[in-house]
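Secondary and tertiary structure notes
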Amino acid sequence: MAADSFDCEAAVVGGGPAGLTGAIYLARFKRSVTVLDAGFSRAAKIPRSHNMPGYPQGVVGAELIAAMRAQAHLYGARVEKACVQRLQRIGGGFAVHFDDGREPLRCRSVLLATGVSDNAPAMPQLAQALRDGALRYCPVCDGFEVIGCHVGVLTDRCAGVREALYLRHFSDRVTLYFTQRVDLTEEDRRRLAAADVALQPAPVRALHLRESAGVRVEHEDGADDCDALYGALGLRVHSQLATALGAAHDDDGYLLTDSHQRTSIEGLYAAGDVAQSLNQITVAAGGAAIAASAMHRALGLPG
Ligand SMILES: Cc1cc2nc3c(=O)[nH]c(=O)nc-3n(C[C@H](O)[C@H](O)[C@H](O)COP(=O)(O)OP(=O)(O)OC[C@H]3O[C@@H](n4cnc5c(N)ncnc54)[C@H](O)[C@@H]3O)c2cc1C
């Protein structure tokens, strides 16, 4: 397909920290780039991040996204609200199809930055609980903020043990709760006991945001108050647009990329949470910078 029959050189699917970093780099490389974003970035849920380098007072997730978006606009990137339904390979590039039936966008390369979504616990006032820091998802991000607090970890699987043990580094008052009966191995029980992590095997019946602070956890044996409750109920990795084309992925659905963030599909790159299970803004931005640089090289001179 002739270069002039493409709508843009690069499409970025996802407008979180990865997608917007990719767009900033590509726009500054003088590439025509369109960001297509459905508008549910995990970063927008961060009440205030304290581990972003350069922000000693912390930064509100939605404000960071707004600033990155403004920076992408400044250099000429287009940012559109859109939900991408399917990627199709066409000669020399891709057609990007949308869920609202509008005309597909034709581009020479794609950066997939569609992230992941947390499986949320059933809880009234969920959004408020996240804003208050009573409900949390990411101990790597904010374990520091719960040092010495009574921390609950709510899970539905054995893997929750790992998260409880991880948090034990930050607090000596950690309790592991379950949404259902889970058969832990003897080894898991031994590790929890050795680390002095409390185990509440009676399934949780209800969660309530406490007026004072924290979460009340009601379970079949009574109720406890936690200063913070971590949801460890798994993630949904939004890699289907790539896997539908046959892109390689691991058992959890994370896309596999090489050191240039190239997926196994030519012209398709991936960065951010969809390709990196550490799930951090800095990692997302770093991966996108690498991807954008590789895309720029692969696109060559303007044709
Ligand atoms: C409560 C909370 C607190 C956190 N705190 C921190 C912290 O302090 N520090 C830190 O480093 N990290 C933190 N994180 C993690 C951080 O938010 C993520 O690592 C980061 O947002 C990943 O960026 P991303 O661009 O890969 O994905 P996202 O930010 O999730 O962006 C993905 C984007 O892709 C879009 N998208 C998905 N599918 C489609 C589609 N089909 N079509 C169009 N668009 C699509 C979504 O709408 C979304 O906007 C936190 C996460 C949560 C939930």
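Residues numbered from 1 in each chain as written. Predicted model: local features only at pLDDT ≥ 70, side-chain atom pairs only at ≥ 80, totals over all residues. Heavy atoms only, no water.

Quick word on the sheet that holds strand S8 (residues 135-136)
Each strand in a sheet pairs with its neighbour through backbone hydrogen bonds, running either in the same direction (parallel) or in the opposite one (antiparallel). If you trace the 5 strands from one edge of the open sheet to the other, you get S8-S15-S9-S10-S11, paired in parallel fashion. In the strand order of this sheet, the two ends are held by S8 and strand S11 (198-200), each with one partner. Pairing analysis gives 5 bridges linking strand S9 (residues 150-155) to strand S15 (residues 228-232), with the strands arranged parallel. In the strand pairing of S15, Val153 is matched with Tyr230. (Pairing = 2+ DSSP bridges. Helix = DSSP H or I, 4+ residues; strand = E, 2+ residues; numbered from the N terminus.)

Things to note about the packing of helix H5 (residues 160-168) against helix H6 (residues 186-194)
Relative to each other, H5 and H6 sit at 15 degrees, their axes nearing to 10 Å. Here H6 runs roughly parallel to H5, going by the angle between their axes. Relative to H6, H5 is oriented so that their crossing is left-handed. On H6, the residues touching Val161, Ala164 and Leu165 of H5 are Asp188, Arg191 and Leu192. Looking at side-chain class alone, the contact of H5 with H6 contains 4 nonpolar, no polar and 2 charged residues. (Axes fitted to C-alpha atoms, helices over the stretch in contact; angles between N-to-C directions. Parallel < 35°, antiparallel > 145°, perpendicular 65-115°, else oblique. Left-handed = near helix turned anticlockwise from the far one by under 90°. Contact = heavy atoms within 4.5 Å. Nonpolar A, V, L, I, M, F, W, Y, C, P; charged D, E, K, R; others polar.)

Re the pattern of salt bridges
Here the structure, examined in full by the defined rule, presents 17 salt bridges. Close ionic contact of Arg42 with Asp118 constitutes a salt bridge, the shortest N to O distance being 2.7 Å. Residue Arg42 is found in the loop between strand S2 (33-37) and helix H2 (61-74), and its partner Asp118 is found in strand S7 (residues 116-118); the two are separated by 76 residues along the sequence. Look at Asp118 and you get buried, because its relative accessible area is 14%. (Salt bridge = Lys/Arg side-chain N within 4 Å of Asp/Glu carboxyl O. Buried < 20%, exposed > 50% of the residue type's maximum accessible area, 1.4 Å probe, protein only.)

Describing the environment of Leu235
Looking at the element boundaries, Leu235 is found in strand S16 (residues 235-237). Since its relative accessible area comes to 33%, Leu235 is described here as partly exposed. On a C-alpha basis, the gap between Leu235 and Gly58 in space is 25 Å, while along the polypeptide they are 177 residues apart. Residues within four places of Leu235 in sequence aside, it is in contact with Arg42, Val116, Ser117, Asp118, Asn119, Tyr254 and Asn279.

Observations regarding the site of the ligand
As a structural note, the neighbourhood of the ligand is formed by 34 residues, with Asp37, Phe40, Ser41, Asn51 and Ile281 the closest of them. One nitrogen or oxygen atom from the main chain of Phe40 is found 2.8 Å from an oxygen atom belonging to the ligand. Contact between the ligand and Ser49: an oxygen atom at 2.9 Å from a side-chain N or O atom of the residue. For the ligand, whose free accessible area comes to 1000 Å², the fraction covered by protein is 96%. For the shell around the ligand, the elements supplying multiple residues, two or more each, are helix H1 (17-28), S2 and helix H8 (281-299). Per-domain counts for the shell around the ligand show at least three residues from each of domain 1 (3-117 + 235-299) and domain 2 (120-232). (Near = heavy atom within 4 Å. Polar contact = N/O pair within 3.5 Å; in protein donor to acceptor, adjacent residues only side chain to side chain. Areas by Shrake-Rupley, 256 points an atom, 1.4 Å probe, with all protein chains shown as cover. Domains from an automatic or database assignment.)

Considering the domain arrangement of the chain
By domain assignment, the chain separates into domain 1 (3-117 + 235-299) and domain 2 (120-232). If you average the C-alpha positions of domain 1 and of domain 2, the two centres end up 32 Å apart. Listed by partner, the interface residues are 7 residues for domain 1 and 7 residues for domain 2. Together domain 1 and domain 2 conceal approximately 560 Å² of surface at their shared face, both sides included; 57% is due to carbon and sulfur atoms. Contact with domain 2 buries surface across domain 1, with Pro47, His50 and Gln280 losing the most and accounting together for 47% of the total. Here domain 1 and domain 2 share 0 salt bridges between them. (Buried area = accessible area lost by both parts, 1.4 Å probe.)

Quick look at the nonpolar core
Within soluble globular proteins, side chains that are nonpolar tend to cluster in buried spots. Core analysis: the largest hydrophobic core is formed by 26 residues, its most contacted members being Leu36, Val84, Leu87, Val96, Val110, Leu112 and Leu268. For this core, the secondary-structure elements that each account for two or more residues are strand S1 (8-13), strand S4 (84-90), strand S5 (93-98), strand S6 (105-112), helix H7 (240-243) and strand S17 (268-270). Here the element with the most residues in this core is S6; it accounts for 4 residues. When sequence neighbours within four positions are dropped, the list of residues in contact with Leu36 reads Ala11, Val12, Val13, Gly14, Gly15, Glu80, Ala82, Val84, Val96, Phe98 and Leu105. Counting 22 residues, the second largest nonpolar core, distinct from the first, contains Ala27, Tyr269, Ala288 and Ala291. (Core = buried A, V, L, I, M, F, W, Y, C linked by side-chain atoms within 4.5 Å.)

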